[in-house]
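Single-letter residue listing:
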Amino acid sequence: MITPVEKTNETVHVRITPEERAANVISKKNLEKAVVALAEDGVVILDDAIAPESLDFLNIPMVEDARVLRNGANTWMNYDKKAQNILQHMPPSAEYLLPDIHTNAFAVEVCKHFLGPKPVLRYHKANTNFPGESRQPPHSDVHYAHPRACFSLAVNMVLIDCSPENGSTEVWPGTHLTTVFSDQNGMNGIHEHKLQERVRSHGLPVQPTVKKGGIIIRDMRLWHAGMPNRTTDEIRVMLNLIFFSDWYRSDMKIKFPRSSESKIKELEKASGIQVAAEYVDDFDHLTLPHTHDFGQDDVREEFGRWHHKLGQPAPAS
């Protein structure tokens, strides 16, 4: 049990102005705010960064997909079924590959200042939260002895208003600066004594409110946790696009139908990012497996997604 203290944290919000949206360019002043917040806290929220029409367009099919997936035998439950939080693929067809979502100019500009001039998109999914009462343990998404520099950023986009009521993500500002792989107790998350130490020194974690159109950019090393959706019937979809530095040697790729290739290349050219795409014949994204691993070269994750979900033992380190 985490001991409460008086000190509290806050998450920095940077509001994208109508003028910035019209020009599709973030101002230097707002870019500075975002860069400083991400460097210091490991998380920043860009408000009013996405057209609501794009979010509505994606929310309808993704909620329908989520309803189908919820009770599927092979559906990926994040941590355990009690948390009522599933992983789902985003629709991969060209009509759903939207510039202000997949290559959002404001998020991409922030990513470039941390990851280098040509970030690589290697992950294209969503975490969907159904009503329930259980939470995830605080954890980092990096399950091996990772580099001590920012090498990857998760760009999360909520398709509806998101608050503690419907399960906004808990974040622990600043933990990206000091955390190491040994801070984690396997799939049980960060060791309890580490959590207690952090609360005593820096205060309680934050569960921010993010309005529809907001983007949460998070350093992948940051401690965070999925939280309960305490509504009665609201399904909260949060997109998770993960960008990596070009120097980070991951072999993860995103499957797209061949029919989406021209749209992907168009997005790459316009944004200056790379998409680690694998083009295959048409497939059903609802039955596509979720085997992935955030390690690089021959260094594999020691626990977590790729072998944990397959029921395989961890590989020798």
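Above this note sits the structure.
What this report covers is the structure whose coordinates are included nearby. These numbers were taken from a predicted model, which means no experiment stands behind them. Here the residue numbering is sequential within each chain, running from 1 through the sequence in written order. A pLDDT threshold of at least 70 governs which residues receive local features in this predicted model, and a stricter bar of 80 or more applies before side-chain atom pairs are shown or counted, although totals over entire chains, interfaces and linings include all residues. Hydrogen atoms and water are omitted, and side-chain values are computed over all heavy atoms in the structure.

## Things to note about the overall build of the protein
Just so we agree on the cut-off: Only runs of H or I of at least four residues qualify as helices and only runs of E of at least two qualify as strands under DSSP, and these elements are numbered from the N terminus. Each residue's exposure class comes from its accessible area (1.4 Å probe, protein chains only) as a fraction of the maximum for that residue type: buried when under 20%, exposed when over 50%, partly exposed otherwise. Whether two residues touch is decided by their heavy atoms; if any such pair falls within 4.5 Å, the residues are in contact. We get accessible surface area from the Shrake-Rupley algorithm with a probe of 1.4 Å; when it comes to residues, only the shown protein chains can shield them.
On a plain count of helices and strands, the protein comes out with eight helices and 13 strands. Within the protein, the proportion of its 317 residues that are buried is 56%. At a minimum sequence separation of 6, the contacts of the protein that also span at least 24 residues come to 86%. Carbon and sulfur atoms make up 52% of the accessible area of the protein, which amounts to about 14,200 Å² in all.

## Details of the side chain of T231
Let me state the cut-off plainly: Counting of polar contacts relies on pairs of N or O atoms within 3.5 Å, with two restrictions inside protein: one atom must be capable of donating a hydrogen and the other of accepting it, and residues adjacent in sequence are counted only when both atoms are side-chain atoms.
Within the secondary structure, T231 is located in the loop between β9 (224-225) and β10 (236-244). Looking at T231, its side chain comes within polar contact range of the side chain of N229, at 2.7 Å. A polar contact of 3.2 Å, which involves the side chain of T231, links it to the backbone nitrogen of E234. With near-sequence residues (within four places) excluded, T231 lies in contact with P131, E165 and N166.

## What to know about the packing of aromatic side chains
For clarity, the cut-off: Pairing of aromatic rings covers Phe, Tyr and Trp, the last through its six-membered ring, and needs centres within 6.5 Å; plane angles under 30 degrees mean stacked, over 60 mean edge-to-face, and all others mean tilted.
Inspection of the entire model under this criterion finds seven aromatic pairs. Ring centres 5.7 Å apart and planes at 65 degrees place the aromatic pair Y123 and F294 in the edge-to-face group. Note that Y123 is positioned in strand β5 (residues 120-129) and F294 in the loop between β13 (277-280) and α8 (305-308), a separation of 171 residues in sequence. Y123 gets classed as buried once you look at its relative accessible area, which sits at 5%.

## Points about the side chain of Q296
Relative to the elements of secondary structure, Q296 occurs in the loop between β13 and α8. A relative accessible area of 10% places Q296 in the buried class. A distance of 3.0 Å separates a polar side-chain atom of Q296 from the backbone nitrogen of R249.

## Let's talk about helix α3 (residues 52-69)
Operational definition: Between the first and last residue of a helix there are one fewer steps than residues, each counted as 1.5 Å, and that sum is the expected span. Here the bend at a residue is taken as the angle between two axes, fitted respectively to the seven residues that end there and the seven that start there.
With 18 residues, α3 should reach 26 Å at 1.5 Å per residue; the first-to-last C-alpha distance of 25 Å fits that figure. At N59, α3 shows its maximal bend, which comes to roughly 25 degrees, and the proline P61 appears one to four places after that position. When we look at burial in α3, the residues that qualify are S54, L55, L58, N59, P61, M62, V63, D65, A66 and L69. At its buried positions, α3 is contacted by β4 (85-89), α4 (99-102), β5, β6 (152-158) and β10.

## Section: the packing of helix α2 (residues 28-41) against helix α5 (residues 105-115)
Short version of the rule: Simply put, an axis is a line fit to the C-alpha atoms, just over the touching stretch for a helix, and the angle between two N-to-C directions goes from 0 to 180 degrees. Angles are sorted into four bins: roughly parallel if under 35 degrees, roughly antiparallel if over 145, roughly perpendicular if 65 to 115, and oblique for all others. Left-handed describes a crossing whose near helix is turned anticlockwise from the far helix through less than a right angle; right-handed describes the clockwise counterpart. Lys, Arg, Asp and Glu make up the charged group, whereas Ala, Val, Leu, Ile, Met, Phe, Trp, Tyr, Cys and Pro make up the nonpolar group; the residues left over, Gly among them, are polar.
In the contact formed by α2 and α5, the axes pass within 10 Å of each other and the chain directions differ by 50 degrees. Here α5 runs oblique to α2, going by the angle between their axes. Of the two elements, α2 crosses α5, and the hand of that crossing is right-handed. Contact with α2, carried on its side by L31, A34, V35, L38 and A39, involves E109, V110, H113 and F114 of α5 and no other residues of that element. Its residues assigned to classes, the contact of α2 with α5 comprises seven nonpolar, one polar and one charged.

The values reported here are purely geometric and, on their own, carry no functional implication.
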